[in-house]
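Coordinate inspection notes
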Amino acid sequence: MRIVVLSGSPRKNGGTRAMVKAFAEGAQSAGHEVRVFDVADMNIAGCRACEYCHTKGNGACAQKDDMGAVYDEWNKMDMLVMASPIYYGSISGQLACALHRTYALGIPRRCSKTALFLCSGAHGVYDAAETIYHGYVQGYFGCKDMGVFEATTGEASSPSMQKALYQFGAQLS
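Note that residues are indexed from 1 along each chain, following the sequence as it is written. Local features in this predicted model are restricted to residues whose pLDDT is 70 or higher, and side-chain atom pairs enter the listing and the counts only when it is 80 or higher, whereas totals over whole chains, interfaces and linings include all residues. The side-chain values count all of the structure's non-hydrogen atoms but skip hydrogen atoms and water molecules.

**Some thoughts on the packing of aromatic side chains**
- For Phe, Tyr and Trp, rings pair up if their centres lie within 6.5 Å, where Trp contributes its six-membered ring, and each pair is then called stacked (planes under 30 degrees apart), edge-to-face (over 60) or tilted (otherwise). Tallied over the full model, the rule gives nine aromatic pairs.
- The interplanar angle of 80 degrees and the centroid separation of 5.8 Å between the aromatic rings of W74 and F141 together place this pair among those described as edge-to-face. On the criterion of sequence distance, the pair formed by W74 in helix α2 (residues 67-74) and F141 in helix α4 (residues 127-141) is long-range, its members being 67 residues apart. The pair formed by W74 and F141 is uniform in burial state, with each residue classed as buried.
- An angle of 85 degrees between the planes, with centres 5.5 Å apart, marks the rings of F117 and F149 as edge-to-face. One end of the pair, F117, is in strand β4 (residues 113-120); the other, F149, is in strand β5 (residues 144-152), with 32 residues separating them in the sequence. Side by side, F117 and F149 carry an identical accessibility label, which is buried.
- By way of ring pairs, the aromatic residues F23, F117, F149 and F168 are connected into one cluster. Only DSSP runs of H or I with at least four residues qualify as helices, and only runs of E with at least two residues qualify as strands; both kinds are numbered from the N terminus onward. Working definition: with a 1.4 Å probe on protein chains only, accessible area under 20% of the residue-type maximum means buried, over 50% means exposed, and in between means partly exposed.

**Some points on unusual backbone geometry**
- For E51, which is not a glycine, the phi torsion comes out positive at approximately 65 degrees.
- If you trace the backbone, E51 turns up in the loop between β2 (33-38) and α2.
- Using a relative accessible area of 32% as the deciding quantity, one classes E51 as partly exposed.
- One non-glycine residue, Y88, adopts positive backbone phi at about 50 degrees.
- Here Y88 shows up in the loop between β3 (79-85) and α3 (93-101).
- You can call Y88 exposed: its relative accessible area is 90%.

**Topic: the side chain of T102**
- Examined against the element boundaries, T102 turns out to sit in the loop between α3 and β4.
- Here L99 takes part through its backbone oxygen, which lies 2.6 Å from a polar atom of the side chain of T102. N or O atoms closer than or at 3.5 Å make up a polar contact, with two conditions inside protein: a donor-capable atom paired with an acceptor-capable one, and, for residues adjacent in sequence, both atoms drawn from side chains.

**Observations regarding the sheet that holds β2**
- One open sheet holds the five strands; their spatial order is β2-β1-β3-β4-β5, and the pairing between them is parallel. Of all strands in the sheet, those bounded by a partner on one side alone are β2 and β5. Averaged over all adjacent pairs, the angle separating strand axes in this sheet is 15 degrees, with direction ignored.
- Bridge count for β3 against β4 is seven bridges, and the pairing is parallel. Within β4, the position partnered with S84 by the bridge is L118.
- In what follows, a contact means two residues having at least one pair of non-hydrogen atoms within 4.5 Å. Axes, fitted as lines to C-alpha atoms, cover a helix only where it is in contact. Angles between the N-to-C directions of the axes lie from 0 to 180 degrees. Against the sheet, α4 touches β3, β4 and β5, its axis set at about 160 degrees to β5. Strand pairing is assigned whenever DSSP identifies at least 2 bridges connecting the two strands.

**Remarks on the pattern of salt bridges**
- One side-chain nitrogen of Lys or Arg within 4 Å of one carboxyl oxygen of Asp or Glu is enough to make a salt bridge. Across all of its chains, the model carries nine salt bridges by this definition.
- With a closest N to O distance of 2.9 Å, E25 and K21 form a salt bridge. A residue pair is termed a helical-turn pair when its members lie 3 or 4 positions apart in one helix, as E25 and K21 do in helix α1 (residues 15-29) at four residues.
- Since its relative accessible area comes to 51%, K21 is described here as exposed.
- Across the salt bridge formed by E73 and R35, the nearest N and O atoms sit 3.6 Å from each other. Residue E73 is located in helix α2, and its partner R35 is located in strand β2; the two are separated by 38 residues in the primary sequence.

Spelled out as structure tokens, the structure:
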């Protein structure tokens, strides 16, 4: 299976990246191909709503930036994983920006599964991010929800969470 992870954390050693790393290692151990895009480290501009992608661009965005690497994988992936810290009650701006830019390509052709990893400093702050995920990504794309994993920053690196995410990745089929 070809898996794309859009990770929206700017913290190189933060909880979100620890969650992604454990999952990716598990999935790779089972023979899955995993491509992690640390979108917070990429040069991705916001969508300009110029509609070039749906007119003259024929599905290509007018902006030429690091989003091109995500576009290259968009219609090849079998599974999309979104991973984000919670900022002001929702996903990071970096991840939101990348998601908005997928408008150019629309619903991924091959993607049949999605998952969501969320990390924050406190419990009970995940509702808005889950609404975006279930309503827009998983729901709109018509993909099977493979799970939502939530952890505080301290829990994200804990042996139990690391094991759970590793096993989740390793048991995908």
